[in-house]
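# Report on the structure
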Amino acid sequence: FMKKITLALLCLFLVVAVKAQERRNCHSMNNLEYRQSLDPSLQQRMAEIETFTQRKVAEMQNLQSRVDGEIITIPVVVHVIYSNSQENISDAQIASQIAVLNDDFNATNSDLSQVPSEFAGVVADSDINFTLSQTIRVASTRTSWGTRDEMKFSSNGGSDVVSPSTHLNIWVCNIGGGILGYAQFPGGSSATDGVVVGPQYFGSTGYLAAPFDEGRTTTHEVGHYLNLRHIWGDGRCKQDDFVADTPSSDEPNYGCPSYPTVNCRSTDMTMNYMDYVNDACMYMFSEGQKSRMRALFASGGPRSSFLN
């Protein structure tokens, strides 16, 4: 009898473990808290960036109802830090991720047609392109890196940031703990600026783990890097993501929610890249998010050096 109970408990544990692995787990906010604990001035810098962003967004929206402008090109440096051959992902897998970023940020993704009519009018082509500038490969005996940016320093056996004022740095390494990725928001240290993604969640071909096998983890994390918050504002209904055209939500959505999913007396934009749904069920940014991202590159903005 005791053996049966033990077996049943083991099976339950395995089911829970599998379910946990099937839920998106982004640690950008956790990393932000860690960075703020190391740098008390970071919160003030981010507050100043938020004030600047909201002012620029208002200026752009006063000029025209839909914010357009020059195409912004972001060179990307990919740091592949691996402890086995699977983690040493192929050039083809890296290329597939760059292609996904370009599709997602320019609204040329093939699944865009799935956006319901309620939100079709605010689907955004952000006019942001990504080009692969460099791939750096570093062999390591370390099997997991955590979320305290240790992979970003060669002194730890990782790889140092490259030209962060003009390049997006992405570290591809096993984070551990079921964490898919995390990003640094604008305003943080240049030595750690960029995005971290697990190798099995990077790109759309190669060494991948479903249901996060279409490159949308990197799209989500680059959204954070470009100053987007989670769609639910990391709080309950009254917590804002600072974007007017994304409905308030009570909490993250997981898996592939049915439409409509209603919280806070409105329909959740579950298909937005900044929610927690599976890769196959997120396929849009909004016009408000586009304005917010592009404000970073305006003169005086925290990422204006990309254009200068």
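Chains are numbered independently. Their residues run from 1 in the order of the written sequence. Per-residue local features of the predicted model are confined to residues with pLDDT of at least 70, and side-chain atom pairs are confined, for both listing and counting, to 80 or more; whole-chain, interface and lining totals are unaffected and use all residues. Hydrogens and water molecules were not included; the side-chain quantities draw on all heavy atoms of the structure.

## Remarks on helix α7 (residues 287–295)
Most of α7 sits inside the fold, with nine of its nine residues counted as buried. Summary of the burial criterion: residues with accessible area below 20% of their type's maximum are buried, those above 50% are exposed, and those between are partly exposed, where the area comes from a 1.4 Å probe applied to protein chains only. Comment: elements are numbered from the N terminus, with helices defined as DSSP H or I runs of at least four residues and strands as E runs of at least two. Every buried residue of α7 is listed here: Glu287, Gly288, Gln289, Lys290, Ser291, Arg292, Met293, Arg294 and Ala295.

## Regarding the sheet that holds strand β2 (residues 128–139)
With mixed pairing, the five strands of this open sheet are ordered in space as β2-β1-β3-β5-β4. Strands at the two margins of the open sheet, each flanked by one partner only, are β2 and β4 (181–183). Neighbour to neighbour, the strand axes of the sheet diverge by 15° on average, direction disregarded. Looking at chain direction, strand β1 (residues 72–82) and strand β3 (residues 168–172) are connected through five bridges and run parallel. Opposite histidine 79, over in β3, you have tryptophan 171 as the bridge partner. Any two residues whose heavy atoms approach within 4.5 Å are treated as being in contact. For helices, the axis comes from a line fit to the C-alpha atoms of the stretch in contact; other axes are also lines fit to C-alpha atoms, and the angle between any two N-to-C directions lies between 0 and 180 degrees. Sheet strands in contact with helix α6 (residues 216–225) are β2, β3, β4 and β5 (195–197), and its direction is about 20° off that of β4. Any two strands with at least two DSSP-identified bridges between them are counted as paired.

## Let's talk about the state of the cysteines
By disulfide we mean two sulfur atoms from cysteines, separated by a distance within 2.5 Å. Within the structure shown, the criterion is met by two disulfides. Between the sulfur atoms of cysteine 256 and its disulfide mate cysteine 281 the distance is 1.9 Å. One quick way to see it: the torsion about the S-S bond of cysteine 256 and cysteine 281 is about 85°, and its sign makes the bridge right-handed. Of the two residues, cysteine 256 is situated in the loop between α6 and β6 (262–263) and cysteine 281 in the loop between β7 (266–267) and α7; the sequence distance between them amounts to 25 residues.

## Notes on the nonpolar core
If you look at the biggest cluster of nonpolar residues, it comprises 43 residues, and the most contacted ones within it are Ile74, Phe105, Phe130, Leu168 and Leu226. Among the elements of the structure, β1, α4 (91–105), β2, β3, β5 and α6 are those that each provide at least two residues to this core. Looking at this core, the element that brings in the most residues is β1, giving five residues. For phenylalanine 130, the contacting residues outside a window of four places in its chain are Ile74, Val76, Ile98, Leu101, Asn102, Phe105, Leu168 and Val222. Membership of the second largest hydrophobic core comes to 12 residues, among which are Ile81, Ile136, Trp171 and Tyr182. Buried Ala, Val, Leu, Ile, Met, Phe, Trp, Tyr and Cys residues form a nonpolar core when they are joined through side-chain atoms within 4.5 Å.

## Quick notes on empty space enclosed by the protein
Over the atoms, a rolling probe the size of a water molecule traces out where space has been left empty. Here a cavity is any set of points on a 1 Å grid over the protein atoms alone where a 1.4 Å probe fits but cannot get out, and a pocket is any open set with protein on both sides within 12 Å along at least 5 of 7 lines; a residue lines the site when it has an atom within 4 Å of a point. Grid points are joined across faces, edges and corners, and a volume is the space filled by probe spheres set on the points. Scanning the entire structure with this criterion turns up one cavity of 30 Å³ or more. When its volume is computed, the largest cavity comes out at roughly 50 Å³. Residue lining of the largest cavity: Asn31, Leu32, Arg35, Leu42, Met46, Gln184, Phe185, Pro186 and Gly188, and that is the complete set. Counting only elements with at least two residues in the lining of the largest cavity, the list comes to α2 (28–38) and α3 (42–63). Charged residues are taken to be Asp, Glu, Lys and Arg, nonpolar residues to be Ala, Val, Leu, Ile, Met, Phe, Trp, Tyr, Cys and Pro, and polar residues to be all remaining types, Gly included. Residues that form the lining of the largest cavity fall into these classes: five nonpolar, three polar and one charged.

## As for the layout of surface pockets
Computed from the structure, the largest pocket encloses a volume of approximately 290 Å³. What lines the largest pocket is a set of 17 residues, among which Met29, Leu32, Met46, Arg229 and Phe242 lie closest to the centre. Mapped onto the lining of the largest pocket, the elements with two or more residues apiece are α2 and α3. When residues of the lining of the largest pocket are assigned to their parent elements, the largest contribution, five residues, is made by α3.

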